[in-house]
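# Fold and contact review
As a plain string of letters, each chain reads:
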Amino acid sequence: MTPSADRRRAALTLAGLAAALVLAMLAGVALGAVPLSAEEVVGAVSRALTGHGSTLADAVVIDLRLPRVLLAALVGASLALAGVLYQALFKNPLADPYVLGVSSGAGLGATLAITVFGTSYAARAVGVPIGAFAGAVGTMLLVVRLASRRGRLDPTSLLLAGIAISYTLSALTSFVLVFDRQSMTSVVFWMMGGLANRSWGHVVLLTAMLAAGSVVPALYSRELDLMLLGDERAGQLGVPVERFKILALGAASLVVAGAVSVSGLIGFVGLMMPHMVRLVVGPRHRLLLPASVLAGAIALVLADLLARTVLAPVEIPVGIVTALAGGPFFIWLLVRKERVR
Amino acid sequence: MSAPSLEFRDATVGYGSRTVVRAVDLEVRSGEFVGLVGPNGAGKSTLLRAVTGGADVLGGDIVCGSSVLRLPERERAQLIGVVPQSQPSVFAFTARAFVEMGRHPHLGRLASLGPDDHAVVDEVMERTDTARLAAERIDELSGGDLQRLTLAQALAQQPRVLLLDEPTSHLDLNHALQVLDLVRSLADAGMAVLGVFHDLGIAARYADRVSIVADGRLTPSAPPAEALTSRVISDVFGVRAVVRTDPVTGSVAVTPVLRGDDLASAGSRGTVGLVCGSGTGIALMRVLMRAGYDVAAGALNRGDVDQAVAEALGARHVALPPFGEIDVEAEEAVRRAYADARCVVVCPTPFGRSNLPNLRAAIGSGRPLVLVGDMTAERDFSGGEATRLWDEAFALGATHVLSESDVPATVVAYDGEEA
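Just so you know, these numbers come straight off a predicted model, no measurement behind them.

## Quick notes on the overall build of chain B
Along the backbone of chain B there are 15 helices and 18 strands. The C-alpha radius of gyration of chain B comes to 28 Å, more than 25% above the 22 Å expected for a compact globule of 419 residues. Viewed in the frame of its principal axes, chain B has a C-alpha envelope of about 95 × 45 × 40 Å. When contacts within chain B are restricted to residue pairs at least 6 apart in sequence, those whose partners lie at least 24 apart make up 67%. Summed over all atoms, the accessible surface of chain B reaches about 17700 Å², with 50% contributed by carbon and sulfur. Where the 38 positive side-chain charges of chain B centre and where its 54 negative ones centre are 5 Å apart.

Structure follows, in structure tokens:
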């Protein structure tokens, strides 16, 4: 394929995904306990932007649904971004923040922050993300350490170590909560992966963390391609491998910490989205990264829509929806891989 | 800047605290192709990997302009291209995208490939015969295709120094020659090439100098004809080989005859004399020496293939200059050697005046004779003298067998005979 045709196809793909995301978000805002029309949604947003009037419907849109839908998109984007990074750095198409235990680590870090600093707004806005980031980085280092044999990272060991650490840290989180019954209910519900009752503050927080975490992958997409050839080969082709890994793992930990801070443990989005997108657009990160980020956002907006409408007025934590879809997907990947070998 | 060479300066390489090859001194100059050979696990690949950080330099230094140990990866990749032993990919890059990755060290942070970069990629894919694969996915290609694409990727770096690790291991004959001719022409155009090879003949044919890695050391490099002698091959690889100049390529050709282990028991069952020449004794020398006999092969001219094999296997023989005559002294030496044997086998070699003394010595040795085939007019270039000696041998009670394959069974019958 000629380079220009390549570029045109990439632009079309991204435009299509962006349009789909807008539509999904529109549906996310419009549908719910009180169904709204598209005009009402658009009207509410434009009135809010221009500072005019506020009907009851406007309040539903601006204060409840819009932050929630935006947050779902941001969380999905963050998890997919982290998934792409982990899959490239570990050359393992099954890696994702949930499977590697990084989400659980961030969850434990966040829980400890809540028990230490309390549930005041300031504590949650600063302490929780920092705790989650520390938890994510620490878990990553531990899992990599456990899965390495004489400097080599075994892909199967990596997944096993990740899953084992994930369970251990989840148990530790529950253990911590036993001593802190006050926060228990809210933390447990948050840990299950929920997007209910989130505010604009969360949106701002996660936007900032996702933006910060996107700098490295945006600048270094070629390096991510080269990492897929193996560490030694990437080094031969001019990548400062060790330094780059630290940067990229730091970026991944940052966005995972952000996602976990606002929405708890939501599994498999980081695994599924990059994987499915790669099947369509190929492995080059220049396109794979933005396409996966958009697909992750779409997926979680739709999953959240399902979570709050299927059994309305009862709301299911969105993490349960993604796990219900992602578990079987993961098994399918394992079985398929087995057959190829 | 003058074209940099690659230089190992008293370099000791290994992994962590484990030394693999110590005190290596080797310079590969611009325009030179140096071959590294040696047994499996000797550390050839480790030497190459140490240049780009895949193995540790535990002492000394490796220099390419400046020390490669302090060269940033990007600058190093502009100078040094590597073709590692290729590994199958699980990620579905197109072949073209795979080769384009070789441009990485020349591209700015956010730059994408420009027209010049595409021209380089076009050219290296053309030269490695991979242009037609451009749109294929690398996870679906054969090992040979991937190997040539890996070479194309390394050449896309436009390096001054090229390191090759078994670059033809997956290639068919045609592509192997194509790749080696390409690498040779790159060296002739000024690149410094250091390649690891299993095939001694390939190393000898394409490299200017050859160095041998064995027992944790690197021998000083030398032109192939000096570096690859049958003694070195026996010492390093444990293989007895005939090393000669290939009449077609004009380069050193190595033909393995037997493994050293096969000769472990040679001589334990005594000696068998052979009257041979012109290649008629090769098969029997191999079979008999492997079976535990020593062989006395008479007087043979240098340049005769039987002489080369006898020398490689360490069979006793009197070596004559090319076209040299067997004088009285030599004939007596041969007769005495045959007299120590349990029996003497006369191979179906043609006889002329020059080699007739071998047959005379066999008869004169007094040992039992085994005559292979028949003495015909086509075999006798001695004006009837050979036929007369043949008849005399029969008259003395020689055993007659139809072909060489009957010889071992016949020889066994004389195992009990004391010389």
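## Here we look at the sheet that holds strand β14 (residues 294-301) of chain B
All names here are of chain B. In space, the six strands of this open sheet follow the order β15-β14-β13-β16-β17-β18, with parallel pairing throughout. If you trace the sheet from one side to the other, it starts and ends with β15 (316-320) and β18 (399-401), each paired once. Neighbouring strand axes in the sheet, compared pairwise and without regard to direction, differ in orientation by 20 degrees on average. For strand β13 (residues 271-275) and strand β16 (residues 343-346), the ladder comprises four bridges, and the chain directions are parallel.

## A look at the packing of aromatic side chains
Under the definition given, this model contains seven aromatic pairs over all chains. Ring geometry for A:Phe175 against A:Phe179: centres 5.3 Å apart, planes inclined by 75 degrees, an arrangement best described as edge-to-face. We note that A:Phe175, like A:Phe179, is exposed. Taking the centre distance of 6.0 Å and the plane angle of 40 degrees together, the rings of B:Phe33 and B:Phe197 count as tilted. With B:Phe33 in strand β3 (residues 33-37) and B:Phe197 in the loop between β8 (192-196) and α7 (200-206), the pair connects residues that are 164 residues apart, well separated along the chain. Among the residues examined, B:Phe33 registers a relative accessible area of 0% and is labelled buried. What makes B:Phe197 buried here is its relative accessible area of 2%.

## Quick look at the pairing of strand β2 (residues 18-28) of chain B
In the case of a regular strand, side chains alternate between the two sheet surfaces. Residues and elements named next belong to chain B. Of the strand pairs in this sheet, strand β1 (residues 6-15) and β2 are connected by seven bridges, and their pairing is antiparallel. Residue pairing across strands places alanine 11 opposite valine 24, the latter belonging to β2. Here β1 folds back onto β2, and the loop between the two strands holds two residues, one of which, glycine 16, carries a positive phi near 60 degrees.

## So, the pairing of β14(B)
Residue and element names in this part refer to chain B. The element β14 is extensively covered by neighbouring structure, given that six of its eight residues are classed as buried. Of the pairings in the sheet, the one linking β13 to β14 comprises three bridges and is parallel in character. Paired with glycine 273 across the bridge in β14 is alanine 296. The β-α-β motif built from β13, the intervening helix α10 (residues 282-290) and the parallel element β14 has right-handed crossover chirality. Pairing of β14 with β15, which is carried by four bridges, proceeds in the parallel orientation. Within β15, the residue paired with alanine 296 across the bridge is arginine 316.

## So, the sheet that holds strand β4 (residues 56-64) of chain B
Residues and elements named next belong to chain B. On the basis of which strands lie adjacent, the open sheet formed by four strands has the order β2-β1-β4-β5 and antiparallel pairing. In this open sheet, the two edge strands, each paired with only one partner strand, are β2 and β5 (66-67). Its contacts with the sheet place helix α1 (residues 44-51) against β1, β2 and β4, and it is angled at close to 110 degrees to β1.

## Topic: the side chain of B:Gln157
All names here are of chain B. Tracing the sequence through the fold places glutamine 157 in the loop between α5 (143-156) and β7 (161-165). What makes glutamine 157 buried here is its relative accessible area of 0%. Within the local environment of glutamine 157, its side chain forms a polar contact with the backbone oxygen of isoleucine 80, the two atoms lying 3.3 Å apart.

## Section: the interface of chain A and chain B
How big an interface is tends to be expressed through the accessible area that disappears when the partners come together. At the interface, 28 residues of chain A touch 31 residues of chain B. The contact between chain A and chain B buries some 2500 Å² in all, and 55% of this surface belongs to carbon and sulfur atoms. Broken down residue by residue, the surface that chain A buries against chain B is led by A:Arg222, A:Arg233 and A:Gln236, which jointly contribute 26%. Connecting chain A to chain B are four salt bridges. Between A:Arg243 and B:Glu73 there is a salt bridge; the shortest N-O distance is 3.7 Å. Here chain A is connected to chain B by 12 residue pairs in polar contact (both at pLDDT 80 or more). Those elements that provide at least two residues to the side of chain A that touches chain B are α1 (3-30), α8 (200-219), α9 (221-227) and α10 (231-236) of chain A. Residues that form the side of chain A that touches chain B fall into these classes: 12 nonpolar, five polar and 11 charged.

## A short note on the confidence of the model for chain B
Of the residues in chain B, 98% have a pLDDT of 70 or more, and the chain-wide mean is 91. Confidence estimates for the predicted assembly give a pTM of 0.86 and an ipTM of 0.86.

## Quick look at the side chain of B:Glu32
Residues and elements named next belong to chain B. Its place among the elements puts glutamate 32 in the loop between β2 and β3. For glutamate 32, a relative accessible area of 11% puts it in the buried group. A distance of 2.8 Å separates the side chain of glutamate 32 from the side chain of arginine 209, its partner in a polar contact.

Quick notes on the rules
- Residues numbered from 1 in each chain as written.
- Chains lettered and ligands numbered in written order.
- Predicted model: local features only at pLDDT ≥ 70, side-chain atom pairs only at ≥ 80, totals over all residues.
- Heavy atoms only, no water.
- Helix = DSSP H or I, 4+ residues; strand = E, 2+ residues; numbered from the N terminus.
- Rg over C-alpha atoms; globule rule 2.2 N^0.38 Å.
- Contact = heavy atoms within 4.5 Å.
- Areas by Shrake-Rupley, 256 points an atom, 1.4 Å probe, with all protein chains shown as cover.
- Lys, Arg positive; Asp, Glu negative; His and termini not counted.
- Charge placed at Lys NZ, Arg CZ, Asp CG, Glu CD.
- Pairing = 2+ DSSP bridges.
- Axes fitted to C-alpha atoms, helices over the stretch in contact; angles between N-to-C directions.
- Phe/Tyr/Trp six-rings, centres within 6.5 Å; stacked < 30°, edge-to-face > 60°.
- Buried < 20%, exposed > 50% of the residue type's maximum accessible area, 1.4 Å probe, protein only.
- Right-handed = clockwise from strand over helix to strand, strands pointing away.
- Polar contact = N/O pair within 3.5 Å; in protein donor to acceptor, adjacent residues only side chain to side chain.
- Buried area = accessible area lost by both parts, 1.4 Å probe.
- Salt bridge = Lys/Arg side-chain N within 4 Å of Asp/Glu carboxyl O.
- Nonpolar A, V, L, I, M, F, W, Y, C, P; charged D, E, K, R; others polar.
- pLDDT = per-residue confidence, 0-100.

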